[in-house]
Each structure stands twice: as structure tokens, then as C-alpha cells.
Amino acid sequence: MKYSYQAEKFFVARSALMLPHTRGEAESVAEAFHECSLGMHRFSEDGLDENARTWLAKLSEFMDTSSVNDTSGRGAWVVKAEKFSTDDLIQISTLIDELATWFDHAER
């Protein structure tokens, strides 16, 4: 199965999280989430192993904005990202890195 699009999107997401954050940490997380959402759009998990499925599920939980109230107009992911703890940010970074690596290796 070909995953070049997903590999590219998760690679860009991983890059968005790397320092320095020129626009701010929350905006960088929102940018990474945007890239991840593009990679996951209309994507079938049929070819994924259990690890990749678990990573995607955990990342989707972090990306879920159903309970976010964005009254500022900055974007729900930015508002949510501002509330993430350091541990949350480390976990998000790790999940994106694992997925970028998985899709890259699956492509070969």
C-alpha cells in the first residue's frame, strides 16, 4: 500500500513542532494538527498495524475540538493547544514522530 501522501503530511507536521516556534507554540501545534488532518482525510486504516492505529486514535483525541469554545476567532486548535501541559506536548510530538516514521517505512 502507498503512503507517500501520509508520510509527507506527518513529516510536515513533525517539522511544525520543531523549535524555534516563530509564531508561537500553540500556533505550531495547530499547524501540525492541520497537516495531520490532511494526512488522515479520507484515509482507510485497513493497512495499518496495531501500533499505527493506536497512535492515530490517541492523536485524534488530542485533535478533537468538540468541547472547545473559540470566542477569540483564533481557531479551535490554537485555543486547545494553549491548554496543553508539557507532558501533553511531548506526547503529541512523540505520536506525530512515530506516525511520520511508520508511514515513511511503510512506503519503502
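None of these values were measured; they are calculated from a predicted model.

J.: Help me understand the pattern of salt bridges, please; the structure alone is not making it clear to me.
T.: Pairs can form between side chains of opposite charge whenever their charged atoms are close. Within this structure, the stated rule accounts for 4 salt bridges. The salt bridge partner of Asp-97 is Arg-14, with a shortest N-O separation of 2.7 Å. Taken as a pair, Asp-97 in helix 5 (residues 86–107) and Arg-14 in helix 1 (residues 4–16) lie far apart in primary sequence, 83 residues in all. Asp-97 gets classed as partly exposed once you look at its relative accessible area, which sits at 32%. Arg-74 serves as the salt-bridge partner of Glu-82, at 2.4 Å between the closest nitrogen and oxygen. When its relative accessible area of 44% is taken as the criterion, Glu-82 is described as partly exposed.

J.: In this structure, what is going on with helix 2 (residues 25–40)? I would like to understand it.
T.: In an α-helix there are 3.6 residues to a turn, and that puts residues three or four apart on one side. Helix length check: helix 2 (16 residues) gives 22 Å between terminal C-alpha atoms against 22 Å at 1.5 Å per residue, within 8%. Among the residues of helix 2, those classed as buried are Ala-26, Ser-28, Val-29, Ala-30, Ala-32, Phe-33, Glu-35, Cys-36 and Gly-39. The positive-phi residue at the C-terminal boundary of helix 2 is Arg-42, with phi of around 50°.

J.: Looking at this structure, I do not really get the environment of Asp-49. What am I missing?
T.: Mapping Asp-49 onto the fold places it in the loop between helix 2 and helix 3 (50–63). Along the backbone, Asp-49 and Lys-2 are 47 residues apart, and their C-alpha atoms lie at a distance of 14 Å. Here the side chain of Asp-49 touches Ala-52 through a polar contact of 2.8 Å, landing on its backbone nitrogen.

J.: Help me understand the side chain of Lys-80 in this model?
T.: Its location among the elements puts Lys-80 in helix 4 (residues 76–81). Buried Lys-80, no salt bridge; nearest opposite-charge side chain is Asp-64, N-O distance 5.3 Å. From its side chain, Lys-80 meets the backbone oxygen of Glu-61 in a polar contact 3.3 Å long. Setting aside its immediate chain neighbours within four residues, Lys-80 contacts Glu-61, Phe-62, Met-63, Asp-64 and Val-68.

J.: Help me out: how do you make sense of the nonpolar core in this one?
T.: In this structure, Phe-10, Leu-59, Ile-96 and Phe-103 are the most contacted members of the largest nonpolar core, which totals 31 residues. Secondary structure elements with two or more residues in this core: helix 1, helix 2, helix 3, helix 4 and helix 5. For this core, the leading source of residues is helix 5, giving 8 residues. With sequence-adjacent residues up to four places away left out, Phe-103 is seen in contact with Tyr-3, Gln-6, Ala-7, Phe-10, Phe-43 and Leu-48.

J.: Honestly, the packing of aromatic side chains in this entry has me stumped. Any pointers?
T.: Any aromatic ring pair is given by two values, namely how distant the centres are and how the planes are angled relative to each other. Overall, the coordinates contain 9 aromatic pairs when judged by the stated rule. Ring centres 5.7 Å apart and planes at 80° place the aromatic pair Phe-43 and Phe-103 in the edge-to-face group. On the criterion of sequence distance, the pair formed by Phe-43 in the loop between helix 2 and helix 3 and Phe-103 in helix 5 is long-range, its members being 60 residues apart. Pair check on accessibility: Phe-43 and Phe-103 agree, each one buried. Through successive ring pairs, a cluster of aromatic residues spans Tyr-3, Phe-10, Phe-43, Trp-102 and Phe-103.

Calculation criteria
Residues numbered from 1 in each chain as written. Predicted model: local features only at pLDDT ≥ 70, side-chain atom pairs only at ≥ 80, totals over all residues. Heavy atoms only, no water. Salt bridge = Lys/Arg side-chain N within 4 Å of Asp/Glu carboxyl O. Helix = DSSP H or I, 4+ residues; strand = E, 2+ residues; numbered from the N terminus. Buried < 20%, exposed > 50% of the residue type's maximum accessible area, 1.4 Å probe, protein only. Expected span 1.5 Å × (residues − 1). Polar contact = N/O pair within 3.5 Å; in protein donor to acceptor, adjacent residues only side chain to side chain. Lys, Arg positive; Asp, Glu negative; His and termini not counted. Contact = heavy atoms within 4.5 Å. Core = buried A, V, L, I, M, F, W, Y, C linked by side-chain atoms within 4.5 Å. Phe/Tyr/Trp six-rings, centres within 6.5 Å; stacked < 30°, edge-to-face > 60°.

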